[in-house]
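What the coordinates show
The primary structure of each chain is shown beneath.
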Amino acid sequence: MKTLGLCQVIKCKAAVAWEPNKPLVIEDVEVAPPQANEVRIKIVATGMCHTDLYILFESMKKESFPMILGHEAAGIIESVGPGVTEFQPGDKVIPLFISQCRECRFCKSPKTNQCEKGWIETQHVLKDSRFTCKGKKIEQFAGTSTFSQYTVVNQMAVAKIDPSAPLDKVCLIGCGICTGYGAAVNTAKVEPGSTCAVFGLGAVGLAAVMGCKAAGAKKIFAVDINPEKFEKAKVFGATDFVNPKDYDKPISQVLAEMTNGGVDYSLECVGNVEVMRSALESCVKGWGISVVVGWTELHDVATRPVQLIAGRTWKGSMFGGFKGKDGVPEMVKAYLGKKLLVDEFITHNMTLDQVNDAIELMKHGKCIRTVLNPFPQ
Ligand code: NAD
Ligand code: ZN
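Worth saying up front: this structure is predicted, and the values here are computed from it rather than measured.

**Describing the sheet that holds strand β2 (residues 25-31)**
The strand order across the open sheet formed by 5 strands is β1-β2-β7-β8-β4, and the pairing between neighbours is mixed. Each edge of the open sheet is held by one strand with a lone partner, namely β1 (10-16) and β4 (67-68). Bridge analysis of strand β7 (residues 131-133) against strand β8 (residues 136-140) gives 3 bridges, and the strand direction is antiparallel. Residue pairing for β8: Phe 131 is matched across the bridge by Ile 138.

Below you can see the structure in the form of structure tokens.
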């Protein structure tokens, strides 16, 4: 095992987002040694998620740049800082954008994964990143920054996984797969025999479809304005396919007509407040549950109060409600035991220096997931 990195700065390649709306630039960056309770990870594979695109093109938070994006990855522990007992160099891991400190009141409650300690201390490592480039501090997105050959993460935000797991596949468990699957299973708590609708068929939505199927849903409507996504949705268990562009009435009305009043569960996996409203209003009155999964902070979400008064429930879900240190290794095991599809999400494999091509593919709806390799031969 490489011990050289201990206490030394590593110089390596990373994709730096210098400013919003611009291509990422492959730069030589310095990655500082891990400090107390931190680990330095060699990133073996990283997926590209729509949230990376949201930050780059939509969020408009200029003050967060320059930064290194990427939060859906798998790698190997390269070195550990003082006080780290849970990890050793060589361990296979998945970095977590929601940590699990196991101590805060949120970690202690079985109701949520919103670790308070990690969210404050590691997710916004804005002032305290371990990256520098050309003499400048580079901010660390979501506490992970996986579009880099190496990164440093607090041990609270790392899950140790089965050493036999193929990292170039299970990296997707670090965000998209847990997010969608868990939104159906943990947050919506889909029941056997129910009817579901999933809006948006990227990796997150397809994982939600897979979760609905695993929970025993009898009908799963796959809704997307890009009909090229329907074939893939079938692979994950969708039974019916709806393109809102094919109708001249609201999609909630279309679904209500197809389901005798609305679906039991709906999941919004787009990140669009209008779609969030449609998803809620597609649910049946009385008991329908709608889960917001798509990410946006740009607009308020709205509906008429009567929609809720009539008995619908509107919920949200981050990382599928999974507590990462517990949930991620279990999801990896489920994949190794052939109980969870993962390979089927990967439509493209590229090298880290093709990161901008991967961004273009996602922008134009031409991929499900691209897995980037930071260390091509
Ligand atoms: P993606 O870009 O791969 O997929 C989005 C899909 O939505 C595309 O297939 C697109 O055609 C479809 N779509 C766009 N507009 C639509 C509309 N009006 N109606 C129906 N479908 C529409 O994205 P992804 O990586 O799967 O991520 C999906 C969303 O989930 C993003 O908003 C992302 O930021 C969010 N996300 C949330 C969490 C969380 O923890 N809550 C985690 C990861 C990602
Ligand atoms: Zn993500």
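Picking up after the structure, the text goes on.
**Thoughts on the site of ligand 1**
Surrounding ligand 1, one finds 27 residues, the nearest of these being His 50, Thr 51, Asp 224, Phe 319 and Arg 369. A distance of 2.9 Å is found between a nitrogen atom of ligand 1 and a backbone nitrogen or oxygen belonging to Val 293. Trp 295 has a polar backbone atom sitting 2.9 Å from an oxygen atom of ligand 1. For ligand 1, the accessible surface in isolation is 870 Å², of which the surrounding protein chains cover 89%. Put simply, the parts of the chain that give the shell around ligand 1 at least two residues each are α1 (50-58) and α6 (203-214). Along the lines of polarity and charge, the residues of the shell around ligand 1 split into 15 nonpolar, 9 polar and 3 charged.

**Considering the side chain of Thr 187**
Locating Thr 187 in the fold gives a position in helix α5 (residues 176-188). Take Thr 187: its relative accessible area is 10%, and that puts it in the buried class. Contacts of Thr 187, omitting those with residues within four sequence positions, involve Gly 182, Val 291, Lys 315, Gly 316, Ser 317, Gly 320 and Gly 321.

**Examining the domain arrangement of the chain**
Domains assigned within the chain are domain 1 (73-132 + 149-178 + 320-341) and domain 2 (189-316). The C-alpha-based centres of domain 1 and domain 2 are spaced at 29 Å. Each side of the interface is counted separately: domain 1 has 4 residues, and domain 2 has 6 residues. Between domain 1 and domain 2, the buried area comes to about 390 Å², and carbon and sulfur atoms account for 83% of it. A per-residue breakdown of the area domain 1 buries against domain 2 is headed by Gly 176, Ile 177 and Leu 341, which together make up 83% of the total. At the boundary of domain 1 and domain 2, one finds 0 salt bridges. Taken together, domain 1 and domain 2 are joined by 0 residue pairs in polar contact (both at pLDDT 80 or more).

**Focus: the coordination of the zinc ion (ligand 2)**
Surrounding the zinc ion (ligand 2) are the protein donor atoms Cys 49 (SG), His 71 (NE2) and Cys 175 (SG), at 2.0 to 2.2 Å. Written as a sequence motif, the donor residues of the zinc ion (ligand 2) are C-x21-H-x103-C. On the criterion of sequence distance, the pair formed by Cys 49 in the loop between β3 (38-47) and α1 and Cys 175 in the loop between α4 (167-170) and α5 is long-range, its members being 126 residues apart. We note that Cys 49, like Cys 175, is buried.

**Here's the deal with the sheet that holds strand β11 (residues 195-199)**
As summarised here, the arrangement of the 6 strands in space is β13-β12-β11-β14-β15-β16, forming an open sheet in which the pairing is parallel. The open sheet terminates on both sides in strands that have one partner only, identified here as β13 (240-242) and β16 (313-316). In this sheet, adjacent strand axes meet at a mean angle of 20° when their direction is disregarded. Note that β11 and strand β12 (residues 219-223) share 5 bridges and pair parallel.

What counts, and where the lines are drawn
- Residues numbered from 1 in each chain as written.
- Chains lettered and ligands numbered in written order.
- Predicted model: local features only at pLDDT ≥ 70, side-chain atom pairs only at ≥ 80, totals over all residues.
- Heavy atoms only, no water.
- Pairing = 2+ DSSP bridges.
- Helix = DSSP H or I, 4+ residues; strand = E, 2+ residues; numbered from the N terminus.
- Near = heavy atom within 4 Å.
- Polar contact = N/O pair within 3.5 Å; in protein donor to acceptor, adjacent residues only side chain to side chain.
- Areas by Shrake-Rupley, 256 points an atom, 1.4 Å probe, with all protein chains shown as cover.
- Nonpolar A, V, L, I, M, F, W, Y, C, P; charged D, E, K, R; others polar.
- Buried < 20%, exposed > 50% of the residue type's maximum accessible area, 1.4 Å probe, protein only.
- Contact = heavy atoms within 4.5 Å.
- Domains from an automatic or database assignment.
- Buried area = accessible area lost by both parts, 1.4 Å probe.
- Salt bridge = Lys/Arg side-chain N within 4 Å of Asp/Glu carboxyl O.
- Donors = N, O, S within 2.8 Å, 3.2 Å for Na, K, Ca; no water.
- Axes fitted to C-alpha atoms, helices over the stretch in contact; angles between N-to-C directions.

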